[in-house]
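Coordinate analysis (summary)
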Amino acid sequence: MSLDAFIASEITPLENEHPEYFDHRREFARTDWERDGFPKQAWRELLHEARKRADAAGFFRYPLPAALGGQDASNLAMAVVREHLLKKGSGLHFPHADEASVVANLPLALVFHAFGTPEQRKKYLEPLVSGDIEIAFGLTEPGHGSDATYLETTAHRDGTDWIINGAKRFNSLVDCSAIDIVFARTSGTDGKAEGITAFIVPTDAPGFSVPFNHWTFNMPSDHSEVHLDNVRIPAENVLGEVGRGLDCAQLFVHENRIRQAASSLGAAQYCIDRSIEYAQERVVFGKPLYEHQGIQWQLVELQTDAELIRNTIHKTASMMDELGKSEVSDKVAMVNMRSNQLACRAADRAIQIHGGVGYTRHKQFEHIYRHHRRYRITEGTDELQLRRIASRMFDFGSRR
């Protein structure tokens, strides 16, 4: 069965049973407003059901290593798949709700697979992949986002245990996760990657608290503030090597960014395609909308950018498969920045071309804009991507 046939036979009917999550009510229906804006439990259960069906059909684990039941999909293959899913628009197959999808994007599974001990992999990997547990990721702090090497959360030894103190911000999925991957400085100096350690912290550990959840541009939100007050963690809960925790974080973000670029491209193409269709249907001043050059040229510019970005994403993904992620970090930054920007521009233009109806929630454009606007920050800010490109161009690293 093809992916599209599976979506049509298994996912779309399930989506149609719950229209309130996908029509103009979507944001309100998905959000538990009484529980500080977190996703509703019923919404998460629906996502889990779609995930189970995709897993049973053999699609969900497609990108994962064979050891995790996957098919070791290449970066190029995943770029094609992610764009294809988003070109279909928002739906249960990919509802623009974090990384829910019928084809997995589970960078934390890759982190545990690469850095976890045999005991850690046995305890957390299969439950994570199967959806029995969620795992949160705590890197960003109230005072530090892109400058992760300056984080202020610390951990010190107390006998064989570690004691963690600090705070995290936008700690994704922490409200429904069994554990949180918390990054803390254990040695070294500010501004240096060495000395930061990744810890597996149970979310029910004494001293671990969630004082509030950040409401965001696109709701529901699962980006919590987390406080760690003398949280005691056994030594076996260190993930990877002591002092090398950012290796885990780098694997996480590198795996994510090329896929996010492809997703934003797909969302942009959806907006372009719907606008082309509408321009051919709508009649203004006695002739079809598309005959007005002002409309033609807007869409021509967007389609040209989409094609250029698509070709560069495919080239970059192929280079990643051949050379490794670190060798093309500047090109990943290029496509990530341009693709995320394109998704926002295409959604904005689609709203404009559709006129008043484009501004309503009965179209997906406002939803796409609000969701993809976050990726110009959360997947590395536009400014950080520019810095990464400049670092390769001017060889900053060799001058330090």
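This one's a predicted model, so the numbers in the text were calculated from it and none came from an experiment. All residue numbers refer to positions counted from 1 along the written sequence of the respective chain. In keeping with the model being predicted, local features are shown solely for residues with a pLDDT of at least 70 and side-chain atom pairs are shown and tallied solely at 80 or more, while totals for entire chains, interfaces and linings include all residues. To get the side-chain values, all heavy atoms of the structure are used, and hydrogens and water are removed first.

Moving on: the domain arrangement of the protein chain. Assigned domains within the protein chain: domain 1 (3–115), domain 2 (135–239) and domain 3 (247–394). Contacts are assigned to residue pairs that have any heavy atoms within 4.5 Å of one another. Contacts between the two partners involve 34 residues from domain 1 and, on the opposite side, 36 residues from domain 3. Together, the buried faces of domain 1 and domain 3 total about 2900 Å²; carbon and sulfur atoms form 55% of this surface. In what follows, salt bridge is the name for a side-chain nitrogen of Lys or Arg lying within 4 Å of a carboxyl oxygen of Asp or Glu. Our count for the domain 1 to domain 3 interface comes out at four salt bridges. We call two N or O atoms a polar contact when they sit within 3.5 Å, provided that within protein one can donate a hydrogen and the other can accept it, with sequence-adjacent residues counted only if both atoms are side-chain atoms. At the junction of domain 1 and domain 3, the tally comes to 14 residue pairs in polar contact (both at pLDDT 80 or more). For the side of domain 1 that touches domain 3, the elements supplying multiple residues, two or more each, are helix 2 (26–30), helix 4 (75–87) and helix 5 (107–115). The greatest single-element share of the side of domain 1 that touches domain 3, amounting to nine residues, is contributed by helix 4. Asp, Glu, Lys and Arg are counted as charged, while Ala, Val, Leu, Ile, Met, Phe, Trp, Tyr, Cys and Pro are counted as nonpolar; the rest, among them Gly, fall into the polar class. Grouping the constituent residues of the side of domain 1 that touches domain 3 by class yields 18 nonpolar, seven polar and nine charged. Start and end positions for the domains come from either an automated domain assignment or a database one. Put simply, buried area is how much 1.4 Å-probe accessible surface two parts lose in total, over both of them, once they are put together. The helix and strand labels rest on DSSP assignments: H or I over at least four residues marks a helix, E over at least two residues marks a strand, and numbering proceeds from the N terminus.

UniProt positions are given in the numbering used here, feature names are shortened, and annotations may be inferred rather than shown by experiment. As annotated by UniProt and renumbered to match this structure, "domain: Acyl-CoA oxidase/dehydrogenase middle" (unreviewed entry) occupies residues 136–231. Here residues 136–231 is 0% helix and 52% strand, with 16 Å between the C-alpha atoms at its ends.

A separate point is the nonpolar core. As a rule of thumb, soluble globular proteins bury nonpolar side chains together. Counting residues in each nonpolar core, the largest one holds 89 residues, and the members touching the most others are Leu 3, Leu 85, Val 102, Phe 112, Ile 135, Ile 181 and Phe 183. Tallying contributions element by element places helix 7 (residues 245–281) first for this core, with 17 residues. Among residues more than four places away in sequence, those in contact with Val 102 are Leu 3, Phe 6, Ile 7, Ile 11, Ala 54, Phe 59, Phe 60, Leu 85 and His 93. Ile 164, Ala 205, Val 231 and Ile 233 belong to the second largest nonpolar core, which has 16 residues in total. Only buried residues count toward a nonpolar core. Its members are Ala, Val, Leu, Ile, Met, Phe, Trp, Tyr and Cys residues joined through side-chain atoms within 4.5 Å. Using a 1.4 Å probe on the protein chains alone, a residue whose accessible area is under 20% of its type maximum counts as buried, one over 50% counts as exposed, and one in between counts as partly exposed.

The subject of this paragraph is the pairing of strand 5 (residues 161–172). As judged from the five bridges shared by strand 4 (residues 154–158) and strand 5, these two strands associate in the antiparallel manner. Across the sheet, His 156 pairs through a bridge with Ile 163, a residue of strand 5. We call two strands paired when DSSP finds no fewer than two bridges between them. In this structure, the hairpin formed by strand 4 and strand 5 is closed by a connection of two residues, where Gly 159 is found at a positive phi of approximately 70°. With eight bridges connecting them, strand 5 and strand 9 (residues 223–233) associate as antiparallel partners. Among the inter-strand pairings, Ser 172 is bridged to a residue of strand 9, identified as His 223.

Turning to the packing of helix 5 against helix 6 (residues 118–130), a few remarks are in order. To obtain each axis, a line is fitted to C-alpha atoms, and for helices this fit is confined to the stretch in contact; angles are then taken between N-to-C directions over 0 to 180 degrees. In contact at an axis separation of 10 Å, helix 5 and helix 6 are set at 160° when each is read in the N-to-C sense. When the interaxial angle is binned, helix 5 and helix 6 end up roughly antiparallel. Crossing geometry of helix 5 relative to helix 6 is assigned as left-handed. Listed contacts from helix 6 to Leu 108, Ala 109, Phe 112, His 113 and Phe 115 of helix 5 are Gln 120, Arg 121, Tyr 124, Leu 125, Leu 128 and Val 129. Grouping the amino acids of the contact of helix 5 with helix 6 by side-chain chemistry returns eight nonpolar, two polar and one charged. Oblique is the label for any angle not under 35 degrees, not over 145, and not in the 65 to 115 range, which are roughly parallel, roughly antiparallel and roughly perpendicular in turn. Crossing chirality is assigned from the near helix's rotation relative to the far helix, an anticlockwise turn below a right angle marking it left-handed and a clockwise turn marking it right-handed.

Before going further, it helps to spend a moment on the environment of Ala 317. Here Ala 317 is to be found in helix 8 (residues 293–323). Taking relative accessible area as the criterion, Ala 317 reaches 0% and is therefore assigned buried. As a C-alpha pair, Ala 317 and Asp 204 span 113 residues in sequence and 39 Å in three-dimensional space. When residues no more than four places from it in sequence are discounted, the contact partners of Ala 317 are Asn 75, Leu 76, Ala 79 and Ile 258.

Moving on, we come to the UniProt feature "domain: Acyl-CoA dehydrogenase/oxidase N-terminal" (unreviewed entry) in the protein chain. Using the residue numbers shown here, the UniProt feature "domain: Acyl-CoA dehydrogenase/oxidase N-terminal" (unreviewed entry) corresponds to residues 26–132. The distance from the first to the last C-alpha atom of residues 26–132 is 25 Å, and the span holds 52% helix and 4% strand.

What follows concerns the packing of helix 9 (residues 329–354) against helix 11 (residues 365–373). Two numbers describe how helix 9 lies on helix 11: the axes approach to 9 Å, and their chain directions differ by 160°. In this view, helix 9 runs roughly antiparallel relative to helix 11, as classed from their interaxial angle. As helix 9 packs across helix 11, the resulting crossing turns out to be left-handed. Judged by residue contacts, Ala 343, Cys 344, Ala 347, Ala 350, Ile 351 and His 354 of helix 9 engage Phe 365, Glu 366, Ile 368, Tyr 369, His 372 and Arg 373 from helix 11.

Owing to its 3.6 residues per turn, the α-helix brings residues three or four apart onto one side. Helix length check: helix 9, at 26 residues, gives a terminal C-alpha distance of 37 Å against a target of 38 Å (1.5 Å per residue), a fit within 8%. Looking one or two places after helix 9, you find Gly 355, whose phi comes out positive at around 65°. Helix span, as expected, comes to 1.5 Å for every residue beyond the first.

So, on to the side chain of His 93. Turning to its location among the elements, His 93 is positioned in the loop between helix 4 and helix 5. Reaching out from His 93, the side chain makes a polar contact with the backbone oxygen of Leu 85 at a distance of 3.1 Å. Setting aside its immediate chain neighbours within four residues, His 93 contacts Ile 7, Ile 11, Leu 85, Lys 88, Ser 101 and Val 102.

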